[in-house]
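# Topology and contacts: notes
What follows is each chain in one-letter form.
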Amino acid sequence: EEHRPNARLAGRRILVTGAGAGIGRCTAGLFRAEGAAVALLDRDAAAVEAAAAACGGAPVVADVTDAVAVDRAVASAAAALGGLDDLVNCAGISRPGRVEEVDIAAFRQVIEVNLIGAHAVIRACLPHLRAAPWATIVNLASGQGLVPAGPSNAAYAASKGGLITLTRSLAQEFAPLIRVNSVCPGMVPTGMTAGRSGDGRQYALKRNATPLEVAQAILFLAGTDSAFVTGIALPVDGGRTFH
Ligand code: NAD
């Protein structure tokens, strides 16, 4: 697995949430390799400090469900980078289980993090993004938000369906100044999916995705290569949904 850097994000100032681990951490590293200045946000202070040190970014600590902490963290990220051109919302959680197994508090927590948390970060970043010459937002949704698979992940699927629709709505609201898109990965072995990722045989491509393969799709939507693309939900799922 290889990535050939090409300065695709030179000069850009980018905030990545959920950047302490998994896809977010990989994305922050890829964006640094492509020449961007990056701030990494996560609720896990030790993880985000290690991730930021590894890629040469600026760590900020906040739980995306705490709007006051988000405002503070976004302000300090913008101060560290001298503004913000792009936002990638990767912070997310999953609470698999059948309806009887997932109580209302757990369901609400999934919506709070995956949907309302993304919205809170977008709101906090908006003045900075509006001040940028052109700006992008990329939301990490999921193939589950397009076509739910399996019998027991309803809270997660609902939160990601909501995030896809939020993306489409804000793409219209923020046009033409800010492009807003979502990425819909299939299974990616990370901490979130540990112990239940399987071997990916259900996908047309017969394997799971790597974090880098998802990060490269995020790079496409955050960069100028996608200059006429807004409001989409891009599947990166090895041919599961065919959307
Ligand atoms: P991960 O668990 O490896 O990383 C998620 C990161 O988000 C962690 O560092 C965690 O601390 C952080 N986070 C969680 N809740 C937070 C909160 N309230 N505030 C701030 N930070 C918080 O997960 P991942 O697999 O890298 O997933 C990243 C995104 O991609 C998520 O939105 C996830 O739903 C989505 N996604 C993942 C897969 C997959 O198979 N792994 C598939 C489709 C979509």
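What you are looking at is a predicted structure, and each value in this text was computed from that prediction instead of being measured.

Next up on the list: the overall build of the protein. Counting its secondary structure elements, the protein contains six helices and seven strands. Element order for the protein, N to C, with α for helix and β for strand: β-α-β-α-β-α-β-α-β-α-β-α-β. For a compact globule of 243 residues, the expected C-alpha radius of gyration is about 18 Å, and the protein comes in at 17 Å, within 12% of that figure. Across its three principal axes, the protein shows a C-alpha extent of roughly 45 × 40 × 35 Å.

Attention now goes to the sheet that holds strand β7 (residues 233–236). With respect to topology, seven strands assemble into an open sheet ordered β3-β2-β1-β4-β5-β6-β7, the strand pairing being parallel. In this open sheet, the two strands that pair with only one neighbour each are β3 (58–61) and β7. Each neighbouring strand pair of the sheet contributes to a mean axis angle of 20°, computed without reference to strand direction. For strand β5 (residues 135–140) and strand β6 (residues 178–185), the ladder comprises six bridges, and the chain directions are parallel.

Attention now goes to the pairing of β7. In regular strands, side chains alternate between the two faces of the sheet. Looking at chain direction, β6 and β7 are connected through four bridges and run parallel. Note on β7: the bridge partner recorded for valine 183 is leucine 234. In the classification by handedness, the crossover that spans β6, the intervening helix α6 (residues 211–222) and the parallel β7 is left-handed.

A word on the pairing of strand β1 (residues 13–17). Counting buried positions over the five residues of β1 gives four, a clear majority of the element. Sheet topology note: the β1/strand β2 (residues 37–42) ladder contains five bridges and is parallel. Following the sheet pairing, valine 16 is matched in β2 by leucine 40. For the handedness criterion, the β-α-β arrangement of β1, helix α1 (residues 22–33) and β2 is classed as right-handed. With three bridges joining them, β1 and strand β4 (residues 86–89) adopt parallel strand pairing. Considered in β4, the bridge of leucine 15 is made with leucine 87.

In this section: the environment of isoleucine 164. Secondary-structure assignment places isoleucine 164 in helix α5 (residues 154–174). On a C-alpha basis, the gap between isoleucine 164 and leucine 140 in space is 8.9 Å, while along the polypeptide they are 24 residues apart. Apart from the residues lying within four places of it in its own chain, the contact partners of isoleucine 164 are Ala141, Ser142, Gly145, Leu146, Ser182, Cys184 and Ala233.

Around the ligand, the surrounding shell holds 28 residues, and the nearest of these are Ile23, Asp42, Tyr156, Val188 and Thr190. Separating a nitrogen atom of the ligand from a backbone N or O atom of arginine 43 is a distance of 3.3 Å. Look at the ligand: alone it shows 830 Å² of surface, and the protein chains cover 94% of it. With respect to the detected pockets, the ligand is housed in the largest pocket. Elements supplying a minimum of two residues to the shell around the ligand: α1 and α5. Of the residues assigned to the shell around the ligand, the class counts are 15 nonpolar, nine polar and four charged.

What follows concerns the pattern of salt bridges. Side chains that differ in sign of charge can pair as their charged atoms come close. Tallied over the entire structure, the rule returns five salt bridges. For aspartate 85, the salt bridge goes to arginine 13, with nearest N and O atoms at 2.8 Å. In this pair, aspartate 85 is assigned in the loop between α3 (67–81) and β4 and arginine 13 in strand β1, connecting sequence segments 72 residues apart.

Moving on to the layout of surface pockets. By volume, the largest pocket is sized at about 1000 Å³. Among the elements of the structure, α1, β2 and α5 are those that each provide at least two residues to the lining of the largest pocket. Looking at which element gives the most residues to the lining of the largest pocket, the answer is α1, with three residues.

Let us look at the packing of aromatic side chains. Per the stated rule, a full pass over the model turns up zero aromatic pairs. Positioned over the ring face of tryptophan 134 is arginine 12, at 3.8 Å from the centre of the ring.

Quick look at the packing of α1 against α6 now. At a minimum axis distance of 9 Å, the contact between α1 and α6 shows a crossing angle of 55°. The pairing of α1 with α6 is recorded here as oblique in orientation. Seen along the crossing, α1 lies across α6 with a hand that is right-handed. Contacts between α1 and α6 involve Gly22, Ile23, Cys26, Thr27, Leu30 and Phe31 from the former and Pro211, Leu212, Val214, Ala215, Gln216, Ile218, Leu219 and Ala222 from the latter. Along the lines of polarity and charge, the residues of the contact of α1 with α6 split into 11 nonpolar, three polar and no charged.

How each quantity is defined
Residues numbered from 1 in each chain as written. Predicted model: local features only at pLDDT ≥ 70, side-chain atom pairs only at ≥ 80, totals over all residues. Heavy atoms only, no water. Helix = DSSP H or I, 4+ residues; strand = E, 2+ residues; numbered from the N terminus. Rg over C-alpha atoms; globule rule 2.2 N^0.38 Å. Pairing = 2+ DSSP bridges. Axes fitted to C-alpha atoms, helices over the stretch in contact; angles between N-to-C directions. Right-handed = clockwise from strand over helix to strand, strands pointing away. Buried < 20%, exposed > 50% of the residue type's maximum accessible area, 1.4 Å probe, protein only. Contact = heavy atoms within 4.5 Å. Near = heavy atom within 4 Å. Polar contact = N/O pair within 3.5 Å; in protein donor to acceptor, adjacent residues only side chain to side chain. Areas by Shrake-Rupley, 256 points an atom, 1.4 Å probe, with all protein chains shown as cover. 1 Å grid on protein atoms, 1.4 Å probe; cavity = no way out; pocket = protein on both sides within 12 Å on 5 of 7 lines; lining within 4 Å. Sits in = over half its atoms within 2 Å of the grid points. Nonpolar A, V, L, I, M, F, W, Y, C, P; charged D, E, K, R; others polar. Salt bridge = Lys/Arg side-chain N within 4 Å of Asp/Glu carboxyl O. Points joined across faces, edges and corners; volume = space filled by probe spheres on them. Phe/Tyr/Trp six-rings, centres within 6.5 Å; stacked < 30°, edge-to-face > 60°. Lys NZ or Arg CZ within 6 Å of the ring centre and 35° of its normal. Parallel < 35°, antiparallel > 145°, perpendicular 65-115°, else oblique. Left-handed = near helix turned anticlockwise from the far one by under 90°.

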